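Descriptive analysis of the structure
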Amino acid sequence: MSNNASGGSSPFLETPLSPSSANNVESRIPRFNVNGNVAIGEEKEHQILSLQYKLNTIQNEFEIERLQMQRQLNSVDKKYRTTIDELEHALNDTKFLHETNSSLNEELDSLRKDYEELRASRETDFKDLKRQLEDKTQEVDDLKLNYENEISVINSELQNARIASENDKAMLKRYEEQVSSQSLEIRNLNSVILEKDAEISNLKTSGMMNFQQNDTTEELTAINRLFQDQVKFTKQLEEANIKQANELKKLRNVNESYNFYKIENDKLQNRINTFEKLEKNYQDSQLKIVNLESKLAAWDIVDTDQESHMDLDMNNIQNPVDVIRNWKLLKKENLMLIDENSKVTLSSNNLKILNDELAMERNQLLDLNNNYEQNLINMKKLNHELEQQKLLSFEECKLLRKQLDEFDNFVNEAQGEKSKDGNNENYKDLVDEYKNKTEDLTNELKRINEEQRQQNQQQSQTNKKRKTNDSSSLTYYSQRINELQLENSSLVRDVAKKETVITHLEAKLKQLAELKEKKIRILQLRDGPLLKDQFIKRKELELLKAENNDLLSRSGADMIPKSVYETLNFELKKQEDEIFKSTKKFMRLKEIFNKKSLEFIDVVNSLLGFKLEFQQDNKVKIYSCFKPSNYLMVDLVKNTLVSNLNREDVIADWDELLKVWIEDRGQIPCFLATITLRLWEISDMNK
Amino acid sequence: MSQPISLRGSTRTITEFFEYSINSILYQRGVYPPEDFNTVKKYGLTLLKTHDDELKQYIRRILLQVHKWLLGGKCNKLVLCIVDKDEGDVVERWSFDVTHLSPSEKEGDIDEEVTQNQIRGLIRQITASVTFLPELTKEGSYTFNVLAYTDAYAKVPLEWADSASKEIEGGEVVQLKSFSTNDRRVTAQVSYKF
């Protein structure tokens, strides 16, 4: 083909030419002979070429479009994947959040419940304690008030008693003084009386003597008067004495009352002392109460858990002794329960063992029952065989009888005339008799067999029924129960073994956890830049490996493995990522450039007073900061300068300035500076 | 007179420091191009902070979790590894140790201004470390990874996975400055291949 297509000829070419090549040859031949045909051929060729060109262009367009579409598809696919990834992330996040939220809610609920319960119990405890405290404080206040009242009463009494005693003392002193003075007076008077008595006696003696000697009336009257006076005086004295005695009596009474008050006072003092002691004791007891209350609070804290578990009535517990008593009671009860529990477990174990033994015995019994049933079946089989043998023997008997009859006939024929009729008849009778007997016996045997059979049938039917109803189900269930019990016991043993294993494992786990507690975990985010990079590299490597394997193992030369396409696709994606990154970088650089250029323009504007605006057609618009409405337009290509500042109302001598600074001196900056100054002057003037 | 930092506030200070230090390291070491960073004023310094959304999101996710761990006292180290993409080797390892101070270890109330000054000094040292660290010659072929050292029983979200410590064997270690808050002390060090 290649030879033909290239136009080369080979003398050894055996294959015929292809139609196209043949046509070409044919079309080539008349091209030199017939002009019309040549023109048509050329036209056709042109048409073909144009069509081929069109086809090529369409194919190219198609390819381009296909590539574009593929690119779009890739980008869309990428976007789709990224969105799916994002969606997955978001879903995972929401799921995780939802889970955490639900778990947190649950925790919160449980905590809230616990908190509510705790708070309720605390509140009740607190209320109880508060109530108790209030009662105690009330009691304390009452006692305080009572004590204070008593103390005040006692104090007032004491003061009164003191005052009274002081008064009494003063009175006593006065009375003592009076008594002493009066006793002195009495003494004096007594002495006077004694003197007077002595005088009287003297006078009596002297009177007697004088009476005898000088009995004058005057003296007697004077003496009588004196006596009367003396009597009066003594009467007065006696009255005064009686009065004093009364007063003395009163004073003695007062003294006695004073002593009584004194004693009372002492007693009250003692009582006050005892009250003081009691007050001290009361304060100590209050302190003790506070301490005990704090201890009680601690007891309450300890007992709150116990309270929930045990049915202890907190109202019954007044002091720790009650708690200890309860605790002791509970301990005793617990010990008793433990004993009972151990006994019960022992008995249950014994019961289990007995149950197992019973199950085994039951199994043995069932086996025996089965054997018995089997024996019965065997016996029945034997019976049946015997019946069959009996029937066979009957048949044999019949045959023998037949043979006997035949033999008798034959004997009769042989004997002929020789035999006698009498003997034959006897023989016949005997045979008949025998026959009848045997028939009777056979009938009887048949009947008996029939009856036995019927009985057996009935029995078997009843047995069958019972078996179907009772024995089969019972045996089945008992067997099943036994099996299940045995299985249960084995499972219980297994469970016990497993439990011990579990406890061992838990202990080990705990130990391991304790060991591990000190350890540290090093963590990283799953989708970090490093891991992403590593993931891409791994994927690339895997794809390349797959491609390599496929290429090495491919059989047909025309086949291109799928892995090649996948690798190319992956590379394309990588390139797209690179492009994306570079685009991003370019955008950022552009942003920075724009920012910097804006800064530059701002700086120029602020320093030179002109704002520069770069146009796309290589033109620069220059706005002065003093006249932003007007501008200068510089064309950098044509090298021209146009402005709308050259008006009369703005810069009147524009042309002159332009001539001086640009044309003559060639100094654009100076020209711009002049314009700036002019514009500033105008704006200043306007202001 | 500024108030001393509370536990929550101190954690926030540490997390914020991590954010700025990670950004500074990534900028100073050229792991990400300079155009990805903006200048911001912080700690009385002009620092650089990324405005690349992907990177920002990544750092934010790390620091959110680290903040939670720090609050719970479960995180005691944060490590930033700069890794050669081609070789997979760790070329630099910036480690920030967080010590949770016990009541006996606390040295009284530390003023926030003192903490800020210490942080400023540490960030300056990180910036200055470019002078002694070997140049990362292969531009654009480095990436980074952040490792968080946590308690073995810390609650770990699904997006976090276990990692190796990524130590640089036989590397040079330079101890940097440290700063303290009321409850924690943060010490920094950098190890690198030489």
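Residues numbered from 1 in each chain as written. Chains lettered and ligands numbered in written order. Predicted model: local features only at pLDDT ≥ 70, side-chain atom pairs only at ≥ 80, totals over all residues. Heavy atoms only, no water.

**Description of the overall build of chain B**
As a reminder of what qualifies: Going along the chain from the N terminus, every DSSP run of H or I of four or more residues is numbered as a helix, and every run of E of two or more is numbered as a strand. Think of it in three bands: with a 1.4 Å probe and only protein chains considered, a residue is buried below 20% of the maximum accessible area for its type, exposed above 50%, and partly exposed in between. For the area figures, the Shrake-Rupley method with a 1.4 Å probe applies, and any residue is considered shielded solely by the protein chains shown.
Helices and strands together make up the secondary structure of chain B, namely 3 helices and 8 strands. Moving toward the C terminus, one meets the helices and strands of chain B in the order α-β-β-α-β-β-α-β-β-β-β. The burial tally for chain B puts 49% of its 194 residues in the buried class. Surface summary for chain B: the accessible area is close to 9100 Å², and the carbon and sulfur share equals 47%.

**Describing the nonpolar core**
Selection rule: Here, nonpolar core means buried Ala, Val, Leu, Ile, Met, Phe, Trp, Tyr and Cys residues that are tied together by side-chain atoms lying within 4.5 Å of each other. When checking whether two residues touch, look at their non-hydrogen atoms; a contact exists if any pair is within 4.5 Å.
Core analysis: the biggest nonpolar cluster contains 50 residues, and B:Phe17, B:Phe18 and B:Trp94 have the highest contact counts within it. If we skip the residues at most four places from it in the chain, B:Phe18 touches B:Leu63, B:Val66, B:Leu70, B:Leu78, B:Phe96 and B:Val98.

**Details of the UniProt feature "coiled-coil region" (unreviewed entry) in chain A**
Threshold: UniProt positions are given in the numbering used here, feature names are shortened, and annotations may be inferred rather than shown by experiment.
The UniProt record marks residues 101-192, 234-295 and 351-389 of chain A with the feature "coiled-coil region" (unreviewed entry), using the residue numbering of this structure. The span residues 351-389 of chain A is 100% helical and 0% strand by assignment, and the distance between its end C-alpha atoms comes to 55 Å.

**Here we look at helix 7 (residues 529-553) of chain A**
Put simply, the rule reads: Helix span is expected to be 1.5 Å times the residue number reduced by one.
Relative to the 36 Å expected for 25 residues at 1.5 Å per residue, helix 7 of chain A spans 36 Å between its end C-alpha atoms, a close match to the ideal helical length. Those residues of helix 7 of chain A that fall on the buried side of the exposure criterion are A:Pro529, A:Leu530, A:Asp533, A:Glu540, A:Leu543 and A:Glu547. Of the surrounding secondary structure, the elements contacted by the buried residues of helix 7 of chain A are helix 8 (562-608) of chain A together with helix 2 (53-71), strand 3 (75-84) and strand 5 (142-151) of chain B.

**Remarks on the packing of aromatic side chains**
All names here are of chain B. Heads up, the condition is: Here the aromatic set is Phe, Tyr and Trp, taking the six-membered ring for Trp, and pairing holds for ring centres within 6.5 Å; pairs whose planes are under 30 degrees apart are stacked, those over 60 apart are edge-to-face, and all others are tilted.
Here the structure, examined in full by the defined rule, presents 14 aromatic pairs over all chains. Between tyrosine 27 and phenylalanine 37 the ring centres are 5.4 Å apart and the planes differ by 70°, which places this aromatic pair in the edge-to-face class. One end of the pair, tyrosine 27, is in helix 1 (residues 7-28); the other, phenylalanine 37, is in strand 1 (residues 37-42), with 10 residues separating them in the sequence. When its relative accessible area of 27% is taken as the criterion, tyrosine 27 is described as partly exposed. In textbook terms, an aromatic cluster arises when at least three aromatic residues are bridged by ring pairs, as seen for Phe17, Phe18, Phe96 and Phe179.

**Topic: a nonpolar patch on the surface**
This is how it is decided: A residue counts toward a patch only above 30% relative accessible area and without a salt bridge, and it is joined to like-charged neighbours within 9 Å or, for Val, Leu, Ile, Met, Phe, Trp and Tyr, to nonpolar neighbours within 5 Å. When a carboxyl oxygen of Asp or Glu lies within 4 Å of a side-chain nitrogen of Lys or Arg, that pair is called a salt bridge.
A surface patch of nonpolar side chains, about 310 Å² in accessible area, is lined by A:Phe96, A:Leu97 and B:Leu158. Inspection of the secondary structure assignment puts A:Leu97 in helix 3 (residues 35-213).

**Topic: helix 2 of chain B**
Residue and element names in this part refer to chain B. Here helix 2 contains 19 residues, and its C-alpha end-to-end distance of 26 Å stays within 8% of the 27 Å for a straight helix at 1.5 Å per residue. Every buried residue of helix 2 is listed here: Leu55, Tyr58, Ile59, Ile62, Leu63, Gln65, Val66, His67, Trp69 and Leu70. Phi turns positive one or two residues past the end of helix 2, at glycine 73, with a value near 70°.

**Description of the environment of A:Leu248**
All names here are of chain A. Relative to the helices and strands, leucine 248 is located in helix 4 (residues 217-309). Residue class for leucine 248 comes out partly exposed when judged on its relative accessible area of 25%. Sequence spacing of leucine 248 and glutamine 178 is 70 residues, and the spatial spacing of their C-alpha atoms is 9.6 Å.

**Structural notes on the sheet that holds strand 2 (residues 610-614) of chain A**
All names here are of chain A. Here is the rule we go by: The pairing criterion is simple: DSSP has to find at least two bridges between the two strands. An axis is simply a line fitted to the C-alpha atoms; with a helix, the fit covers only the stretch in contact. Between two such axes, the angle follows the N-to-C directions and lies from 0 to 180 degrees.
Within the open sheet, the 4 strands sit side by side as 2-3-4-5. Their pairing is antiparallel. Looking at the sheet topology across the chains shown, the edges are occupied by strand 2 and strand 5 (640-643). Within the sheet, the average angular offset between the axes of one strand and its neighbour, ignoring direction, is 25°. Relative to strand 4 (residues 627-635), strand 3 (residues 619-624) runs antiparallel, the two sharing 6 bridges.

**Here we look at the pattern of salt bridges**
Close approach of charged atoms lets side chains of opposite charge pair. By the definition in use, this model includes 28 salt bridges over all chains. In this structure, A:Glu566 and A:Lys562 form a salt bridge, with 3.8 Å as the shortest nitrogen-oxygen distance. One end of the pair, A:Glu566, and the other, A:Lys562, are both in helix 8, 4 residues apart, so they sit about a helical turn from each other. For A:Glu566, a relative accessible area of 32% gives the class partly exposed. Put simply, A:Lys619 and A:Asp617 hold a salt bridge, and the shortest N to O gap is 3.7 Å. A single salt-bridge network, built from bridges that share partners, covers A:Lys584, A:Arg588, B:Asp36 and B:Asp52.

**What about the side chain of A:Asp168?**
All names here are of chain A. Keep this limit in mind: Positive charges come from Lys and Arg alone, negative charges from Asp and Glu alone, with His and the N- and C-terminal ends not counted.
Looking at where aspartate 168 falls in the secondary structure, it is placed in helix 3. Buried within the structure, aspartate 168 lacks any salt-bridge partner; arginine 174 is the closest side chain of opposite charge, at an N-O distance of 8.7 Å. For aspartate 168, the residues in contact, after removing those within four places along its chain, are Val254, Tyr258 and Tyr261.

**Points about the interface of chain A and chain B**
Quite often, the size of an interface is put as the accessible area lost when its parts meet. Condition: Note: buried area is the sum, over both parts, of the accessible area (probe 1.4 Å) each one loses when the two are combined. Any N or O atom pair separated by 3.5 Å or less is treated as a polar contact, with the protein-specific requirement of one donor-capable and one acceptor-capable atom, and with residues adjacent in sequence counted only for side-chain atom pairs.
Taken residue by residue, the interface counts 24 residues in chain A and 36 residues in chain B. Across the interface of chain A and chain B, roughly 3000 Å² is buried in total on both sides, 53% from carbon and sulfur atoms. The largest per-residue losses of area from chain A upon contact with chain B belong to A:Ile522, A:Leu523 and A:Leu525, which jointly make up 25% of the total buried on that side. Across the chain A-chain B interface, the total number found is 6 salt bridges. For the salt bridge of A:Arg521 with B:Asp162, the shortest nitrogen-to-oxygen distance reads 3.1 Å. Across the contact surface, chain A and chain B share 15 residue pairs in polar contact (both at pLDDT 80 or more).

**Overview of the packing of helix 9 (residues 654-664) of chain A against helix 10 (residues 668-686) of chain A**
All names here are of chain A. Using the following cut-off: Each angle receives one of four descriptions, namely roughly parallel if under 35 degrees, roughly antiparallel if over 145, roughly perpendicular if within 65 to 115, and oblique otherwise. Throughout, a crossing is termed right-handed when the near helix is turned clockwise from the far one, and left-handed when it is turned anticlockwise from it by less than a right angle. In this count, Pro and Cys sit with the nonpolar residues alongside Ala, Val, Leu, Ile, Met, Phe, Trp and Tyr, while Asp, Glu, Lys and Arg are called charged and the others, Gly among them, polar.
Following both chains from N to C, one finds helix 9 and helix 10 inclined at 150°, their axes separated by 8 Å at the closest point. Regarding the angle of helix 9 to helix 10, the classification is roughly antiparallel. Once helix 9 is placed against helix 10, the crossing between them reads as right-handed. Contacts between helix 9 and helix 10 involve Trp654, Leu657, Leu658, Trp661 and Ile662 from the former and Ile668, Cys670, Phe671, Thr674, Ile675 and Arg678 from the latter. Considering only residue class, the contact of helix 9 with helix 10 consists of 9 nonpolar, 1 polar and 1 charged.

**Here's the deal with the sheet that holds strand 3 of chain B**
Pairing between the strands of a sheet is mediated by backbone hydrogen bonds and can be parallel or antiparallel. Read across the sheet, 7 strands follow the order 6(B)-1(A)-5(B)-3(B)-4(B)-8(B)-7(B) without closing on themselves; strand pairing throughout is antiparallel. Since the sheet does not close on itself, it has two edges, and those belong to strand 6 (160-162) and strand 7 (172-180) of chain B, each with one partner. Pairwise comparison of adjacent strand axes, ignoring direction, gives a mean angle of 25° for this sheet. One ladder, built from 3 bridges, connects strand 1 (residues 520-525) of chain A with strand 6 of chain B; its direction is antiparallel. When the sheet's bridge partners are listed, A:Leu525 is paired in strand 6 of chain B with B:Trp160.

**Quick look at unusual backbone geometry**
All names here are of chain A. With a phi angle near 55°, asparagine 618 is a residue other than glycine that sits in the positive phi range. Tracing the sequence through the fold places asparagine 618 in the loop between strand 2 and strand 3. Of note in this structure, asparagine 639 is not a glycine but carries a positive phi near 60°. Examined against the element boundaries, asparagine 639 turns out to sit in the loop between strand 4 and strand 5.

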